[in-house]
Amino acid sequence: MDLQFIFELVGTYFFAVSGALAVHDREHDVFGAGFTGFITAIGGGTLRDVLLDSYPLVWIDDVSYLYAIFAGILTAILFFKIMSKLRKTLFLFDTLGIALFSVLGAEKALSLGVRPEIAAMMGMFSAVMGGVIRDMLCNATPILLKKEVYATACLSGAILVIVLQNLGVERNVNLILSFLLVVTIRLIAVRFKLSLPQLDWKK
Amino acid sequence: MDLQFIFELVGTYFFAVSGALAVHDREHDVFGAGFTGFITAIGGGTLRDVLLDSYPLVWIDDVSYLYAIFAGILTAILFFKIMSKLRKTLFLFDTLGIALFSVLGAEKALSLGVRPEIAAMMGMFSAVMGGVIRDMLCNATPILLKKEVYATACLSGAILVIVLQNLGVERNVNLILSFLLVVTIRLIAVRFKLSLPQLDWKK
Amino acid sequence: MDLQFIFELVGTYFFAVSGALAVHDREHDVFGAGFTGFITAIGGGTLRDVLLDSYPLVWIDDVSYLYAIFAGILTAILFFKIMSKLRKTLFLFDTLGIALFSVLGAEKALSLGVRPEIAAMMGMFSAVMGGVIRDMLCNATPILLKKEVYATACLSGAILVIVLQNLGVERNVNLILSFLLVVTIRLIAVRFKLSLPQLDWKK
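Residues numbered from 1 in each chain as written. Chains lettered and ligands numbered in written order. Predicted model: local features only at pLDDT ≥ 70, side-chain atom pairs only at ≥ 80, totals over all residues. Heavy atoms only, no water.

An unreviewed UniProt entry lists chain A under the name Trimeric intracellular cation channel family protein, with Echinicola strongylocentroti as the source organism. Listed in UniProt under the heading Subcellular location (unreviewed entry), the comment for chain A reads: "Cell membrane". The UniProt entry for chain A carries the following text under Sequence similarities (unreviewed entry): "Belongs to the UPF0126 family." (UniProt positions renumbered as here; feature names shortened; annotations may be inferred.)

Chemist: Looking at this structure, I do not really get the nonpolar core. What am I missing?
Modeler: Soluble globular proteins tend to bury their nonpolar side chains together. With 151 residues, the main nonpolar core has Trp-59 of chain A, Trp-59 of chain B together with Trp-59 of chain C as its most contacted residues. With sequence-adjacent residues up to four places away left out, Trp-59 of chain C is seen in contact with Leu-51, Ile-118, Met-121 and Met-122 of chain B together with Phe-38, Ile-42, Thr-46, Tyr-65 and Leu-66 of chain C. (Core = buried A, V, L, I, M, F, W, Y, C linked by side-chain atoms within 4.5 Å. Buried < 20%, exposed > 50% of the residue type's maximum accessible area, 1.4 Å probe, protein only. Contact = heavy atoms within 4.5 Å.)

Chemist: Hey, could you run me through the environment of Val-163 of chain C in this one?
Modeler: Residues and elements named next belong to chain C. Take Val-163: it is sitting in helix H9 (residues 149-166). Judged by its relative accessible area of 38%, Val-163 is partly exposed. Taking C-alpha positions, Val-163 is 8.7 Å from Pro-116, a pair spaced 47 residues apart along the chain. (Helix = DSSP H or I, 4+ residues; strand = E, 2+ residues; numbered from the N terminus.)

Chemist: Even after reading the chapter, I still don't get the UniProt feature "transmembrane region" (unreviewed entry) in chain A, so can you show me in this structure?
Modeler: As annotated by UniProt and renumbered to match this structure, "transmembrane region" (unreviewed entry) occupies residues 6-23, 30-51, 63-82, 89-106, 149-169 and 175-194 of chain A. From the first C-alpha to the last, residues 89-106 of chain A spans 26 Å; its make-up is 100% helix and 0% strand.

Chemist: Just checking my understanding: could you explain the packing of helix H2 (residues 30-51) of chain C against helix H4 (residues 64-78) of chain C for this structure?
Modeler: Between two packed helices, what matters for the description is the angle formed by their axes and the separation of those axes. Residue and element names in this part refer to chain C. At a minimum axis separation of 9 Å, H2 and H4 run at an interaxial angle of 135°. The angle between H2 and H4 places the two elements in the oblique class. Seen from above, H2 lies across H4 with right-handed handedness. Taking contact as the criterion, the partners of Val-30, Gly-34, Gly-37, Phe-38, Ala-41 and Ile-42 in H2 are, on H4, Leu-66, Ile-69, Ile-73 and Ile-77. Its residues assigned to classes, the contact of H2 with H4 comprises eight nonpolar, two polar and no charged. (Axes fitted to C-alpha atoms, helices over the stretch in contact; angles between N-to-C directions. Parallel < 35°, antiparallel > 145°, perpendicular 65-115°, else oblique. Left-handed = near helix turned anticlockwise from the far one by under 90°. Nonpolar A, V, L, I, M, F, W, Y, C, P; charged D, E, K, R; others polar.)

Chemist: I keep staring at the pattern of salt bridges and nothing clicks. Help me out?
Modeler: Two side chains that carry opposite charge are able to pair once their charged atoms sit near each other. Residue and element names in this part refer to chain C. Under the counting rule described, the total for this entry stands at 15 salt bridges over all chains. Across the salt bridge formed by Lys-108 and Asp-49, the nearest N and O atoms sit 3.1 Å from each other. Residue Lys-108 is located in helix H6 (residues 87-111), and its partner Asp-49 is located in helix H2; the two are separated by 59 residues in the primary sequence. Assessed through its relative accessible area of 23%, Lys-108 is described here as partly exposed. The salt bridge partner of Arg-171 is Glu-107, with a shortest N-O separation of 2.4 Å. Here Arg-171 is found in helix H10 (residues 171-191), whereas its partner Glu-107 is found in helix H6, with 64 residues between them in sequence. A relative accessible area of 33% means that Arg-171 is categorised as partly exposed. Classification of Glu-107 as buried rests on a relative accessible area of 15%. (Salt bridge = Lys/Arg side-chain N within 4 Å of Asp/Glu carboxyl O.)

Here is the structure:
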């Protein structure tokens, strides 16, 4: 349990870093960077919990998350020049973050008693909606609508965690396998430039 | 009651179709189409229920809605070429959808004990906010802000359903009359290109 | 208490006016102006209360707020030509509005039992998120992300109200001092064109 808490704080930290850095090609100041970092970090889980009526919200109940976010924002602001060169590192952090949030998000939804279809969707939401809200805020087309394997990877991991739980697989084994599925799909998709077919109206 | 449930599923299905097709002039793939279809279908009712603290959300409680949405998205993806030529059909579906959701949304809000002014607004929200959120997501100016008769028609139907209920009109008669009011206003406005005055700052 | 209620209605009215006028350089009609006025006026407080699970929402429970908003929208529509020339007046109204909402928002959050860090953030949210949602709706980059002293002023006032309450300062004195802090920071920042450093990736 303690280990999960630490993982969640680390995931929140990485989401805040990547969110704060996401504004780099816009005219934002340090406050804007902090604001988008915050939204990215808490957006997905908050939407999930509001939809499921699960109160108090995690980051409101336990202020540790807020400090993990502040640390992430500070890291992004202090080291943004170095970090802008570490695109691969950032990509990895983001991938680990969405994998973690998909799996834990689906498990949490399931524990709140919703049906598996809804839980899978909530797992995906936990991982991707922070970034979607951030992109809406920054007036950018959400990454989700352009690089579908991003969300598809999250959905796959969320489905696996539910299937394995129903099969009675031990929790830690389940979480690790589902986590690895998300990471693997994402890495393979990016490595081989895979993508789902586009809807092309001009054909 | 059964009839209402079927109507709601059909309305949800049509909203999902029109939402998924709404992305046709953007660079979205099939996942993006599904995502916007989903948001369009559940957005308005979800916002209404979150604002009114009415849990569990309809589509989380009864998974039938989710399958109606999946069917709508699938229809849009499989037949998008044909459907792109059926603009008048789509327009009709959308009109029937917003009429249905305005009327049922206002009735639901009223049954939750809010004041009539709020219930009328919630009826309109049920019908139009899914599309507004979809447009925010796709970085488009919401239709609501440009073609006001769209939302005005919804608001009119929502007000009528409340007035007739207070006058003691039988429920089915009320729902049908209010539904027809929305459809009629919308069709007349589009047929005769009616619109509310613009705020023109350059005059 | 009565005085606070009147202040809140006046603040809501001014937010509705400034929100309805915010669309002046876009192709919105009168309904669009009303819609953005409404969102601007209720957005911040609604987001705060949904995040804190504080129901019923203030404007749903007491319909006076709705009429204050209608009055604000009507004012904006009827007098928009005159008002467009009164930019300084509008700026002052907006400043008074965000100062009021920051202070009262932080106090309300604190009374709901959240930690001071969260309460300060909720105070800022109450003041600025209505405008942020409005800007997302209108496809504009939120003012928040460009003129950081806007939100920083709100956050300062929200923090002061919490600090003074913990020091046992009498409530009215506390509210007035914190209110004045927001107004002062905002006026000084605009007068001397102060701003936080930008994150410049091109250096």
